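Spelled out, the chains give:
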Amino acid sequence: YTQALLHLSVALLRSPHGDTAEAFAFARRAGELGFAHGKAEFDAAQAAMTRGDREKAVELLTHLMEAPEDDQT
């Protein structure tokens, strides 16, 4: 479920018509469910979304999604 939330977040950030606030909401929900809790990259991705740096947020979220499963929670 957390992977799906992050994929939605990344898809919205990559879309020229995607809503950054909605992308942030999906990523935040994944974080609330324990995904990458306390990981600096996850916090940095959320900060990038807050300041409107979509490319950096996509880069960080994609890296987290590709991390080994046991390293995600």
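Whatever comes next refers back to the structure up there.
The rules behind the values
Residues numbered from 1 in each chain as written. Predicted model: local features only at pLDDT ≥ 70, side-chain atom pairs only at ≥ 80, totals over all residues. Heavy atoms only, no water. Axes fitted to C-alpha atoms, helices over the stretch in contact; angles between N-to-C directions. Helix = DSSP H or I, 4+ residues; strand = E, 2+ residues; numbered from the N terminus. Parallel < 35°, antiparallel > 145°, perpendicular 65-115°, else oblique. Left-handed = near helix turned anticlockwise from the far one by under 90°. Contact = heavy atoms within 4.5 Å. Nonpolar A, V, L, I, M, F, W, Y, C, P; charged D, E, K, R; others polar. Expected span 1.5 Å × (residues − 1). Buried < 20%, exposed > 50% of the residue type's maximum accessible area, 1.4 Å probe, protein only. Arc of directions from axis to C-beta. Salt bridge = Lys/Arg side-chain N within 4 Å of Asp/Glu carboxyl O.

1. Comments concerning the packing of helix α1 (residues 2-14) against helix α2 (residues 20-32)
Then comes step 1: Relative to each other, α1 and α2 sit at 160 degrees, their axes nearing to 8 Å. Comparing the axis directions of α1 and α2 gives the class roughly antiparallel. Like other packed secondary-structure pairs, α1 and α2 cross with a definite hand, here left-handed. Contacts between α1 and α2 involve Thr2, Leu5, Leu6, Leu8, Ser9, Leu12 and Leu13 from the first element and Thr20, Glu22, Ala23, Phe26, Ala27, Arg29 and Ala30 from the second.
Then comes step 2: In the contact of α1 with α2, the residues fall into nine nonpolar, three polar and two charged.

2. Quick look at α1
Then comes step 1: Helix length check: α1, at 13 residues, gives a terminal C-alpha distance of 18 Å against a target of 18 Å (1.5 Å per residue), a fit within 8%.
Then comes step 2: Regarding α1, the residues found buried are Thr2, Leu5, Leu6, Ser9, Val10, Leu12 and Leu13. Buried residues of α1 fall within an arc of 160 degrees about the axis and therefore sit on the same side.
Then comes step 3: Taken together, the buried residues of α1 touch α2, α3 (40-50) and α4 (54-65).

3. Here's the deal with α3
Helical periodicity: at 3.6 residues per turn, an α-helix aligns residues three or four positions apart in one direction.
Then comes step 1: Considered for burial, the residues of α3 that qualify are Phe42, Ala45, Gln46, Ala48 and Met49. Around the axis of α3, the buried residues are gathered within 160 degrees of arc, so they sit on the same side. Of the residues in α3, the exposed ones pointing more than 90 degrees away from the buried face are Ala40 and Thr50.
Then comes step 2: Packing partners of the buried residues in α3 comprise α1, α2 and α4.
Then comes step 3: With its phi angle positive at about 85 degrees, Gly52 sits one or two positions after the end of α3.

4. Section: the pattern of salt bridges
Note on pairing: side chains with opposite charge can pair once their charged atoms come close.
Then comes step 1: Under the defined criterion, the tally for this structure stands at four salt bridges.
Then comes step 2: The salt bridge involving Arg28 is made with Glu32; its shortest N-O contact spans 3.9 Å. On the criterion of helical spacing, the pair formed by Arg28 and Glu32 is a turn pair, its members being four residues apart in helix α2.
Then comes step 3: The class of Arg28 is partly exposed, set by a relative accessible area of 37%.
Then comes step 4: Taking the shortest distance from any N to any O, the salt bridge between Asp53 and Arg51 comes out at 3.8 Å.
Then comes step 5: Asp53 sits in the partly exposed class, given a relative accessible area of 29%.
Then comes step 6: Several salt bridges share partner residues, and in doing so they unite Arg28, Arg29 and Glu32 into one network.

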